[in-house]
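Single-letter residue listing:
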Amino acid sequence: MELNMSANMIWISTLKSEIEKSPVASNMVFGFILACLEKLLEMEFACPCESKQNVRLVVLFFIGPALLAFVLMIKIQGCESKKSWKERIGLLASSCVSSVVWILLMLFDGQYVACAFSSQSGRFVVIDNASRQKLCKADNHNASQELINTQKWYSGSQEAGMWLLLLAAVIGLCLMLNKCCKKEEQGQPNSGENRTDVTSV
């Protein structure tokens, strides 16, 4: 029993140290937590179906968890005063990853944007059991136009998510290429010095 406890403690401490050292590991852990959170919210989310209140609620859903994830990522990675401005920019950039993941999850879901743009009062009901799409529907109202608009908002939200994902991928690729080029430039002078040393000998 004691061996199992000590093994668990070692595993937890190793995981904690890896998360603190590696932005990739910490972002993966936060991404998984945020994905689970979004799934829970997806099941429990109820649009107020009141135009102004819809927007306020959806904005809070987008910003609240994203800001919390950003702050926690900075706390985990450590914002030390001794770090250079380049290191601080890198810290801020890596801390933004979890926030971007959260916004992507919200956009891909679609119901939050559909709720924000809905102007119809009524109840938030499921319109398609297969895709789990929902809309605000009044009891005594022809919802055909609202259904068309809602489907447009769903698709528009998912398209915006794809564009944001593409933008994040392009930025990530540019940063990786820039880092690789800098490493090659730093390695070239050393190789030149080695050659001169060999020829002098």
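Caption draft 1: Spatial organisation of the nonpolar core. With 20 residues, the main nonpolar core has Phe-45, Cys-47, Val-58, Phe-62, Met-106, Tyr-112 and Phe-124 as its most contacted residues. Residue assignment for this core shows that the elements contributing at least two residues are helix H2 (23-44), helix H3 (51-77), helix H4 (85-109) and helix H5 (111-117). If you tally residues by element for this core, the top one is H3, at six residues. Setting aside residues no more than four positions away along its own chain, Cys-47 makes contact with Asn-54, Cys-115, Phe-124 and Cys-136.

Caption draft 2: Here's a closer look at a nonpolar patch on the surface. On the surface, a cluster of nonpolar side chains totalling about 420 Å² of accessible area is made up of Val-55, Val-59, Ile-63, Leu-67 and Val-71. Checked against the element boundaries, Val-71 lands in helix H3. Exposure remark for Val-71: the relative accessible area of 47% places this residue in the partly exposed category.

Caption draft 3: Looking closely at the packing of aromatic side chains. Going through the model one piece at a time under the given rule, you end up with five aromatic pairs. The interplanar angle of 65° and the centroid separation of 4.8 Å between the aromatic rings of Phe-45 and Tyr-112 together place this pair among those described as edge-to-face. Note that Phe-45 is positioned in the loop between H2 and H3 and Tyr-112 in helix H5, a separation of 67 residues in sequence. Take Phe-45: its relative accessible area is 5%, and that puts it in the buried class. Ring geometry for Phe-117 against Trp-153: centres 6.1 Å apart, planes inclined by 25°, an arrangement best described as stacked. A residue pair is termed long-range when its members are at least 10 positions apart, and Phe-117 in helix H5 and Trp-153 in helix H6 (residues 144-200) qualify at 36 residues.

Caption draft 4: Region of the structure containing H4. Helix length check: H4, at 25 residues, gives a terminal C-alpha distance of 37 Å against a target of 36 Å (1.5 Å per residue), a fit within 8%. Its axis deflected by about 25° at Val-97, H4 carries its strongest bend there. Within the span of H4, buried status applies to Leu-91, Ser-94, Ser-95, Ser-98, Ser-99, Trp-102, Leu-104, Met-106, Leu-107 and Asp-109. Among the residues trailing H4, Gly-110 stands out with phi positive, at a value near 90°.

What counts and what doesn't
Residues numbered from 1 in each chain as written. Predicted model: local features only at pLDDT ≥ 70, side-chain atom pairs only at ≥ 80, totals over all residues. Heavy atoms only, no water. Core = buried A, V, L, I, M, F, W, Y, C linked by side-chain atoms within 4.5 Å. Buried < 20%, exposed > 50% of the residue type's maximum accessible area, 1.4 Å probe, protein only. Helix = DSSP H or I, 4+ residues; strand = E, 2+ residues; numbered from the N terminus. Contact = heavy atoms within 4.5 Å. Patch = residues over 30% accessible without salt bridge, like charges linked within 9 Å, V, L, I, M, F, W, Y side chains within 5 Å. Areas by Shrake-Rupley, 256 points an atom, 1.4 Å probe, with all protein chains shown as cover. Salt bridge = Lys/Arg side-chain N within 4 Å of Asp/Glu carboxyl O. Phe/Tyr/Trp six-rings, centres within 6.5 Å; stacked < 30°, edge-to-face > 60°. Expected span 1.5 Å × (residues − 1). Bend = angle between axes of the 7 residues up to and from the residue.

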